[in-house]
Amino acid sequence: MPEDEQSTPVDDEIASLKRLVSGGEEISASEKREIIEKVVKVLQPPPEADSLAITETTSDLRPAQVEPPWTLQQFFDGEIDLDAELSTRFQNMPMMTNIKFRDLGTHTNRGVATVATSDGSAQVVFDADKTTKVVQLSFTFGSMLTLRFTMRELSDMDRNRWLELMRRQEGGLAFLWGPSRWEEDYLICISRRYFTNLYAFSPNGFEAALRMTPDVIDKLLGWLEGYWHTDDDDKDDDEPQMLTW
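J.: I tried to follow unusual backbone geometry on my own but got confused; where do I start?
T.: Only a minority of non-glycine residues have a phi that is not negative, and only a minority of peptide bonds are not trans. Here the phi dihedral of lysine 133 falls at roughly 65°; this positive angle occurs in a residue that is not glycine. With respect to the helices and strands, the residue lysine 133 is situated in the loop between β4 (122–129) and β5 (135–141). Unlike most non-glycine residues, arginine 181 shows phi in positive territory, near 50°. Within the secondary structure, arginine 181 is located in the loop between β7 (172–176) and β8 (186–191). Here arginine 181 falls in the partly exposed class, since its relative accessible area comes to 37%.

Spelled out as structure tokens, the structure:
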């Protein structure tokens, strides 16, 4: 080592360890133990580093407090008209005028509904599973980019209530979400006399929107109800209902 460089505690202890290993001189057992303990101590991270690592790991595992998106929070506080705000954010939505249905295999209990613009430039594919009642929405633009939203945590009450609201004569606002609400993928729908706007949101940070004619939305709601309402639901309806007080 050059004379102008100062040795560090690590260098000193490593030199002692080399002296111990080489066996060039006599070293007592107590000295050997002391050298090894010093080397181990020097090479260990300081206690502050251990506590910091534990703190960071614990904070990573701690669930984050999820607050409503800013737009929803303003709506809940009565500060904005959600319909007007969403229309401003999603201008010139494509109008879906066509809808087609097909089965996805013969033994899967799954089906596909595709709504599309008249020129086919944009489409949304609805995949529904009758067994799990899960629905996926895949928004595709120009056959190049697709955004997918999955509605998997809905209860029968959530589905039935949404269908009921969507079929109101006066139209209006309807949310499709489960107990976790905005923490999972969800839909905001606004029905009007001549069209229905459907907005899809994901907590992962992407959004999509479309506009449907009354004929398309009516057919889509009927198709979804067929996958959400199963034979088991009919059996449950036939059973006598217990009164609760």
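J.: In this structure, what is going on with the sheet that holds strand β9 (residues 196–201)? I would like to understand it.
T.: To summarise the sheet geometry, strands pair through backbone hydrogen bonds and adopt either a parallel or an antiparallel arrangement. Within the open sheet, the five strands sit side by side as β1-β10-β9-β8-β7. Their pairing is mixed. Two strands close off the open sheet at either side, each with one partner strand: β1 (95–96) and β7. Sheet analysis places β1 next to strand β10 (residues 207–212), joined by two bridges and oriented parallel. Within the sheet, the bridge partner assigned to methionine 96 lies in β10 and is methionine 212. Sheet strands in contact with helix α6 (residues 156–166) are β7, β8 and β9, and its direction is about 160° off that of β7.

J.: Explain the pattern of salt bridges to me, please; I cannot follow it from the model alone.
T.: Counting across every chain of the model gives eight salt bridges. Across the salt bridge formed by aspartate 83 and arginine 192, the nearest N and O atoms sit 2.5 Å from each other. Of the two residues, aspartate 83 is situated in helix α5 (residues 82–89) and arginine 192 in the loop between β8 and β9; the sequence distance between them amounts to 109 residues. For aspartate 83, a relative accessible area of 18% puts it in the buried group. When the shortest N-O distance is used, the salt bridge between lysine 133 and aspartate 156 registers 3.0 Å. Here lysine 133, found in the loop between β4 and β5, pairs with aspartate 156, found in helix α6; they are 23 residues apart in sequence, far enough to count as distant. Owing to a relative accessible area of 35%, aspartate 156 belongs among the partly exposed residues under this scheme.

J.: Would you explain the packing of aromatic side chains in this entry?
T.: To describe a pair of aromatic rings, one takes the distance between the centres and the angle between the planes. Enumeration according to the criterion identifies 14 aromatic pairs in this entry. Geometrically, the ring pair formed by phenylalanine 175 and tryptophan 177 is stacked, given 4.6 Å between the ring centres and 15° between the ring planes. Taken together, the ring pairs in this structure connect Phe75, Phe76, Phe90, Phe175, Trp177, Trp182, Tyr186, Tyr199 and Phe201 into an aromatic cluster. The side chain of lysine 130 reaches across the aromatic face of tyrosine 227, ending 5.4 Å from its centre.

J.: Hey, could you run me through the pairing of β5 in this one?
T.: Regular strands place their side chains on alternate faces of the sheet. Burial of β5 is extensive: five of the seven residues sit out of reach of the surface. Pairing of β4 with β5, which is carried by seven bridges, proceeds in the antiparallel orientation. The partner of alanine 128 across the bridge, within β5, is valine 135. The hairpin formed by β4 and β5 contains five residues between the paired strands, and lysine 133 there has a positive phi angle of roughly 65°.

J.: It is not clear to me how α5 should be interpreted in this structure. Could you clarify?
T.: Side chains of residues three or four places apart in an α-helix project in the same direction, reflecting 3.6 residues per turn. Every buried residue of α5 is listed here: Leu82, Asp83 and Leu86. Taken around the axis of α5, the buried residues stretch over an arc of 100°, which confines them to a single face. Against α4 (70–76), β7, β8 and β9 lie the buried residues of α5.

J.: What's the story with the sheet that holds β5 in this structure? I'm lost.
T.: Judged by pairing direction, the sheet is antiparallel, and its five strands sit side by side in the order β2-β3-β4-β5-β6 without closing on themselves. Only two strands of the sheet have a single partner each, and these edge strands are β2 (98–103) and β6 (145–151). Averaged over all pairs of adjacent strands, the angle between their axes in this sheet comes to 15°, without regard to strand direction. Taken together, the seven bridges between β5 and β6 define a ladder with antiparallel strand orientation. Bridge pairing in β6 places threonine 140 opposite threonine 146.

About the thresholds
Residues numbered from 1 in each chain as written. Predicted model: local features only at pLDDT ≥ 70, side-chain atom pairs only at ≥ 80, totals over all residues. Heavy atoms only, no water. Helix = DSSP H or I, 4+ residues; strand = E, 2+ residues; numbered from the N terminus. Buried < 20%, exposed > 50% of the residue type's maximum accessible area, 1.4 Å probe, protein only. Pairing = 2+ DSSP bridges. Contact = heavy atoms within 4.5 Å. Axes fitted to C-alpha atoms, helices over the stretch in contact; angles between N-to-C directions. Salt bridge = Lys/Arg side-chain N within 4 Å of Asp/Glu carboxyl O. Phe/Tyr/Trp six-rings, centres within 6.5 Å; stacked < 30°, edge-to-face > 60°. Lys NZ or Arg CZ within 6 Å of the ring centre and 35° of its normal. Arc of directions from axis to C-beta.

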